[in-house]
Amino acid sequence: MQCNSEKDDSNEVNIMPSEHNGTTSETKHADSRDVHSAEENQKSTIDPNLYLYDDDLETRPHISTFISSIANYENTIPAATDPDAKPSPPSARMGTLIGVFLPCIQNIFGVILFIRLTWVVGTAGAVCGFLIVLTCCCVTMLTAISMSAIATNGVVPAGGSYFMISRSLGPEFGGAVGMLFYTGTTLAAAMYIVGAVEIVLTYMAPWASIFGDFTKDAEAMYNNFRVYGTILLLFMGMIVFLGVKFVNKFATVALACVIFSIIAVYVGIFDNIHGNEKLYLCVLGKRVLKDIPIENCTKEDPLLFDLYCPDHKCDDYFQNHNVSRVKGIRGLASGVFYDNIWPSFLEKGQFISYGQDSVDIENLGGQSYNQIMADITTSFTLLIGIFFPSVTGIMAGSNRSGDLADAQKSIPIGTICAILTTSTVYLSSVLFFAGTVDNLLLRDKFGQSIGGKLVVANIAWPNQWVILIGSFLSTLGAGLQSLTGAPRLLQAIAKDEIIPFLAPFAKSSKRGEPVRALLLTIVICQCGILLGNVDLLAPLLSMFFLMCYGFVNLACAVQTLLRTPNWRPRFKFYHWSLSLLGLTLCISVMIMTSWYFALIAISMAIVIYKYIEYRGAEKEWGDGIRGMALTAARYSLQRLEEGPPHTKNWRPQILVLSKLNDNLIPKYRKIFSFATQLKAGKGLTICVSVIKGDHTKISNKAVDAKTTLRKYMTDEKVKGFCDVLVAQEIGEGLSSVIQTIGLGGMKPNTVIIGWPYSWRQEGRNSWKTFIQTVRTVAACHMALIVPKGINFYPESNHKIGGNIDIWWIVHDGGLLMLLPFLLKQHRTWRNCKLRIFTVAQIEDNSIQMKKDLKTFLYHLRIEADVEVVEMNNSDISAYTYERTLMMEQRNQMLRALGLNKKENSKVDSHNEEKRNSIDSDGPESSETPDITSNKDESTEKADGNLKSTVKPDEFNVRRMHTAIKLNEVIVEKSQDAQLVIMNLPGPPREVRAERESNYMEFLEVLTEGLEKVLMVRGGGREVITIYS
């Protein structure tokens, strides 16, 4: 940079004359240069091509610096480390298959697939069973689409689904969803444990029952489940407490078991395509029997006869019907599918039989003997609740977000592919089971008609133990995963401090384990186990998952409909209507399945949401709806005033400063159109005009001006408020408006002010008002938008195509990125494409800079073409010196004319005194020529100043060089753009007319040859973020 400075100086010497006159004004000008030269010399490290932005670059980073820091962002959160452990090698970044798809597969396929799906198909029939599975899969698919929108709405933080949802949707939604997700996960662990016990006791080791023969007494069976479930819970809790590593390793084994078991079932279905001769049912009339060996399945057999004919008094149904043997696995070729098409819903206590004839299903005799009865009342909606846990687990992939190489890509693809895969398996299983297994065997929930065997296991190849062992291990693995994940989820919620009473559970042990959270999880899980029945647990935990999924869908739909600026999901297949449909399905399924369980879950969600939202807030009861509305408005304003909004919630709340002409009509009508296009009907817009004068005298004008202002707002569809202020000075009035406008937290954060086109003609007052406003806006930490060429801006009812070019020189909070995105939400600009240009400094690597900028835009979810402009030629041209000299000479002329006006005013006053003296004392002819000679001398003095050759200020030359060079590049690249958005350089710190006039000239040069320009200056805070 020193070499460049020397080159600049040498160019100055060659171009400028060596002789010049030493006038008093030049001496003062030289002195003023010396005063600020020391300060300016400290900025010698700034690229000469960007010197116009020297004040900004002191406090705001250049783009190359900013995006390089963003490119090095790491989204993983360091895990708790053992001080005695050896340093672990860096973890491998997982892809879509290993990181998302397979974990989702493992968590979606669960215990219901093995122990309840055949019963669901038999009870509901092929058609209704298919609809049950399809409904559940549609809920999770729609929720996965919403989840994908969240995952692609910024950098996905490590920490799992709760972190992703809460950071994207806010503490209220996040806390409610988190607690519902926690409760559902904990109850899922209870269901897995009870399911694992059911597999062992019912199908593998029925001799282990400690409450007698549970095939004859359902309560004995459930008591067994409670006791063994408690023992298994304590054992699994100890494993989770002592060895999380074992849980993670066991997950691989469980996944392998699930996949191998499903493959075994499919192979078995085709292996038994013509049926299985090894499995027969004993049927009395149309009723299926249990506890009868197939060789004793005859009416004359003493075992059966003695059972139905005690004391030689036979049961009427036994007397009137024959006993037959029916093949249980009939095969796809048998046509049994047509027998299983229609539903066979029963009430509790009715017999399982072919058809719905009351003679066959009703227990008219009062005794059941060994006939199998329905243990619960079934319906379409109840079966949805029982089956729904089979499709949960869609958030398993997002739980590993910190370990994914590209979470924004892997989570949507992996989750949706996992749902499609599992849905295909479930839907095909419904059809295959209906086409393979006899209707009576499908409806036999516990396989009592075939000696207490698992129906699915008897379909599989090569034998039933493949499914029994595989289903037990996979269910055990799923339970361990739930017991591992739930405490960590609770600890994460507690650490966020959004629910104060959970604070004790935020603490960890010395090994970093959430012991307290684990203990609470075990207690809640034990409550679920005490229910003892999978058919009761499944609908209950379905409620919590449905509420969780419903909240996710609701929040996504609301953010889309409210057009939240930070809501910019990159997922192309997302639409708010899908989220709304998902929410509707969730609520419908909840109410249909079990209204009382739904009330429990909804009440819990509302309590948590309102507790987080209103904790510490004073309640006030008003009179009627208006009182409630006023209370809500007051509370909302007070909440907003608590602090500035989070970056993700920032949106431009606009204050439009409209200039009025002599007829009190807004001078630039299209500034209202632009405000409408920028806001798209959302947020706060206030339009204000300032009239010069005394309010007590022209209050009627102010009222008329406000009426006109309101009419313009209505015509241009600006939704907001307007006002007119009367002040002695326009500048002071604008300053007062900017400082005081708004109420509480509803204060504007962005000011739109028109460009003073006639600043050269109107003189100092015009630019003084503009620059004073710029300074006031900066002091209030508000953003500033200055549209230039406003009359060329499009109407709100027009649609335009082309490019919106962003020239990003200085990072001032990201407002330059946010504004074009907001404009594109309006139909006028929707078809425009974004192009982002930035300038590489001499030491920058433009190739890497472009790559980093593309990465940054990817994280911002903004689609735009990127170009890095290299301005290697920093030599200052003769034209730059000439333009600077013209600017400075104009300032001197204005200053000289200002002095002349002062002198003339003094002469005029002196002349008036002489006239008075002449009138009283007589003529004094000798004084008149002196007056003329004084004017001539003054004019000659001004002309001499103008004619003198003045060396331009070095720093003015540099700024002019920036303006000219940037303008050349911008015009070359963006002359045909529909809109050019660029950084507005900061105003001069010194309140001097020359510096202010120079600043206006620099801006004119910077924007020459551009039809529509939007100059933007941030308010000093971040308004856009890469985080979700």
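Residues numbered from 1 in each chain as written. Predicted model: local features only at pLDDT ≥ 70, side-chain atom pairs only at ≥ 80, totals over all residues. Heavy atoms only, no water.

**Student:** Describe the overall build of the chain, naming the residues involved and giving the relevant values.
**Tutor:** Broken down by element type, the chain carries 35 helices and 13 strands. Taking all 1028 residues of the chain together, the buried fraction comes to 55%. For the chain, the exposed surface amounts to about 45500 Å²; the carbon and sulfur share of it is 57%. (Helix = DSSP H or I, 4+ residues; strand = E, 2+ residues; numbered from the N terminus. Buried < 20%, exposed > 50% of the residue type's maximum accessible area, 1.4 Å probe, protein only. Areas by Shrake-Rupley, 256 points an atom, 1.4 Å probe, with all protein chains shown as cover.)

**Student:** So, the nonpolar core: which residues are in play, and what are the values?
**Tutor:** Membership of the largest hydrophobic core comes to 174 residues, with the highest contact counts inside it found for Met191, Phe387, Met395, Tyr426, Phe433, Ile467 and Tyr549. With 20 residues, the single largest contributor to this core is helix α9 (residues 171-204). With sequence-adjacent residues up to four places away left out, Ile467 is seen in contact with Phe114, Ser261, Ala264, Val265, Leu454, Val456, Ala457, Ala460 and Phe472. Counting residues in each nonpolar core, the second largest holds 61 residues, with Ala783, Trp829, Ile836 and Phe856 among its members. (Core = buried A, V, L, I, M, F, W, Y, C linked by side-chain atoms within 4.5 Å. Contact = heavy atoms within 4.5 Å.)

**Student:** Any details on the sheet that holds strand β9 (residues 801-808)? Residues and values, ideally.
**Tutor:** If you walk across this open sheet you meet the 10 strands as β6-β5-β4-β7-β8-β13-β12-β9-β10-β11, and the pairing is mixed. Sheet topology places β6 (721-727) and β11 (865-870) at the edges, where each strand pairs with a single neighbour. When strand polarity is set aside, the average angle formed by the axes of neighbouring strands in this sheet is 20°. Across the face of the sheet, helix α26 (residues 695-715) comes into contact with β5 (685-692) and β6 while running at roughly 155° to β6. Seen against the sheet, helix α27 (residues 730-740) touches β4 (654-657), β5 and β6 and runs at an angle of roughly 155° to β5. (Pairing = 2+ DSSP bridges. Axes fitted to C-alpha atoms, helices over the stretch in contact; angles between N-to-C directions.)

**Student:** Can you break down a positive patch on the surface residue by residue, with the values?
**Tutor:** A cluster of basic residues, Arg563, Lys717, Lys719, Lys799, Arg827 and Arg830, forms a positive patch at the surface. Note that Arg827 resides in the loop between α30 (815-824) and β10 (831-840). (Patch = residues over 30% accessible without salt bridge, like charges linked within 9 Å, V, L, I, M, F, W, Y side chains within 5 Å. Salt bridge = Lys/Arg side-chain N within 4 Å of Asp/Glu carboxyl O. Lys, Arg positive; Asp, Glu negative; His and termini not counted. Charge placed at Lys NZ, Arg CZ, Asp CG, Glu CD.)

**Student:** Account for unusual backbone geometry, with residues named and values stated.
**Tutor:** Put simply, Trp461 and Pro462 share a cis peptide bond, and its omega is 5°. Within the element layout of this structure, Pro462 appears in the loop between α18 (455-459) and α19 (464-495). One non-glycine residue, Tyr369, lies in the positive phi region at around 55°. Its location among the elements puts Tyr369 in the loop between α14 (358-361) and α15 (380-387). Phi is positive for Glu497, close to 60°, though the residue is something other than glycine. Relative to the helices and strands, Glu497 resides in the loop between α19 and α20 (515-531). You can call Glu497 exposed: its relative accessible area is 59%.

**Student:** Break down helix α35 (residues 993-1006) for me, with residues and values.
**Tutor:** Under the 1.5 Å per step criterion, the end-to-end length of α35 is 20 Å for 14 residues, consistent within 8% with the ideal 20 Å. Buried residues dominate α35, accounting for 13 of its 14 residues. (Expected span 1.5 Å × (residues − 1).)

**Student:** Before we move on, can you summarise the environment of His321 with the specific residues and values?
**Tutor:** With respect to the helices and strands, His321 occurs in the loop between α13 (316-320) and β3 (323-327). Separated by 22 residues in the primary sequence, His321 and Lys299 place their C-alpha atoms 9.2 Å from one another. His321 has contacts with Leu284, Gly285, Lys299 and Asp360, leaving out every residue within four places of it along the chain. Among the polar contacts listed, one links the side chain of His321 to the backbone oxygen of Tyr317, at a separation of 3.0 Å. (Polar contact = N/O pair within 3.5 Å; in protein donor to acceptor, adjacent residues only side chain to side chain.)

**Student:** Go over the pattern of salt bridges, please, and point to the residues and values.
**Tutor:** What the rule picks out here adds up to 18 salt bridges. The salt bridge partner of Arg669 is Glu795, with a shortest N-O separation of 2.8 Å. Of this pair, Arg669 sits in the loop between β4 and α25 (670-679) while Glu795 is found in the loop between β8 (783-788) and β9, placing the two residues 126 residues apart along the sequence. Using a relative accessible area of 33% as the deciding quantity, one classes Arg669 as partly exposed. It is possible to trace a salt-bridge network through shared partners that takes in Arg116, Glu198, Asp375, Lys445 and Asp535.

**Student:** Please set out the pairing of strand β13 (residues 1013-1017) residue by residue, giving values where relevant.
**Tutor:** In terms of burial, β13 is largely enclosed, as 5 of its 5 residues are buried. By the alternation rule, side chains of β13 split into Val1013, Met1015 and Arg1017 and Leu1014 and Val1016, which are all buried. In terms of strand pairing, β8 meets β13 through 5 bridges, oriented antiparallel. Counted as the bridge partner of Ile785 is Val1016 from β13. Strand direction decides the pairing type here: strand β12 (residues 979-983) and β13, joined by 4 bridges, are parallel. Counterpart to Met982 in the pairing with β13 is Met1015. The β-α-β motif built from β12, the intervening α35 and the parallel element β13 has right-handed crossover chirality. (Right-handed = clockwise from strand over helix to strand, strands pointing away.)

**Student:** With reference to specific residues and values, describe the state of the cysteines.
**Tutor:** The full count for this structure, using the stated rule, is 2 disulfides. Each sulfur of the disulfide joining Cys282 and Cys297 lies 2.1 Å from the other. Disulfide Cys282-Cys297: the torsion about the S-S bond is 95°, which places it as right-handed. Here Cys282, found in strand β1 (residues 280-284), pairs with Cys297, found in the loop between β2 (287-288) and α12 (302-308); they are 15 residues apart in sequence, far enough to count as distant. Disulfide pairing places Cys309 opposite Cys314 at an S-S distance of 1.8 Å. (Disulfide = S-S within 2.5 Å.)

**Student:** Account for α30, with residues named and values stated.
**Tutor:** Each full turn of the α-helix corresponds to 3.6 residues, which orients residues three or four apart in the same direction. Most of α30 sits inside the fold, with 9 of its 10 residues counted as buried. Those residues of α30 that sit buried are Leu815, Leu816, Met817, Leu818, Leu819, Pro820, Phe821, Leu822 and Leu823.

**Student:** I'd like to hear about the sheet that holds β2, residue by residue, with values.
**Tutor:** Within the open sheet, the 3 strands sit side by side as β2-β1-β3. Their pairing is antiparallel. The outermost strands of the open sheet, each flanked by one partner alone, are β2 and β3. Looking at chain direction, β1 and β2 are connected through 2 bridges and run antiparallel. Note on β2: the bridge partner recorded for Leu284 is Arg287.

**Student:** Can you lay out the environment of Leu519 for me, pointing to particular residues and giving the numbers?
**Tutor:** Assignment of secondary structure puts Leu519 in helix α20. Considering only alpha carbons, one finds Leu519 and Gly237, 282 residues apart in sequence, at a separation of 8.5 Å.

**Student:** Hey, could you go over the side chain of Asp315 for me, with residue numbers and the actual values?
**Tutor:** As for its position among the elements, Asp315 is in the loop between α12 and α13. Of the side chains bearing the opposite charge, Arg287 lies closest to the buried Asp315, which forms no salt bridge; the N-O distance is 5.2 Å. For Asp315, the contacting residues outside a window of four places in its chain are Tyr308 and Tyr369.

**Student:** For the packing of helix α7 (residues 117-151) against helix α21 (residues 534-561), give the residues involved together with the corresponding values.
**Tutor:** Closest axis-to-axis distance for the α7/α21 pair is 9 Å, and the angle between their directions is 35°. Crossing geometry of α7 relative to α21 is assigned as left-handed. On α21, the residues that touch Trp119, Val139, Thr140, Leu142, Thr143, Ser146, Met147 and Ile150 of α7 are Asp535, Leu546, Tyr549, Val552, Asn553 and Cys556. (Left-handed = near helix turned anticlockwise from the far one by under 90°.)

**Student:** Report on the packing of aromatic side chains, specifying residues and quantitative values.
**Tutor:** Per the stated rule, a full pass over the model turns up 23 aromatic pairs. With a centroid separation of 5.0 Å and 65° between ring planes, the pair formed by Tyr596 and Phe597 is classed as edge-to-face. By relative accessible area, Phe597 is classed as buried at 15%. Taken together through their ring pairs, the aromatic side chains of Phe181, Phe388, Phe545 and Tyr549 make up a single cluster. Positioned over the ring face of Phe821 is Arg568, at 5.3 Å from the centre of the ring. (Phe/Tyr/Trp six-rings, centres within 6.5 Å; stacked < 30°, edge-to-face > 60°. Lys NZ or Arg CZ within 6 Å of the ring centre and 35° of its normal.)

**Student:** I'd like a description of a nonpolar patch on the surface, backed by residues and values.
**Tutor:** Residues Ile587, Ile591, Trp595, Tyr596 and Leu599 make up a contiguous nonpolar surface patch of roughly 550 Å² in combined accessible area. Taken together, the elements giving at least two residues each to the nonpolar patch come down to α22 (576-593) and α23 (595-614). Relative to the helices and strands, Ile587 is located in helix α22. Residue classification places Ile587 among the partly exposed residues on the basis of a relative accessible area of 41%.

**Student:** I'd love a proper account of the packing of α9 against α21, names of residues and values included.
**Tutor:** Close contact between α9 and α21 brings their axes to 8 Å; oriented N to C, the two are set at 155°. Here α9 is positioned roughly antiparallel relative to α21, judged by the angle of their axes. For α9 against α21, the interelement crossing comes out left-handed. Across the contact of α9 with α21, the residue classes break down as 23 nonpolar, 4 polar and 1 charged. (Parallel < 35°, antiparallel > 145°, perpendicular 65-115°, else oblique. Nonpolar A, V, L, I, M, F, W, Y, C, P; charged D, E, K, R; others polar.)

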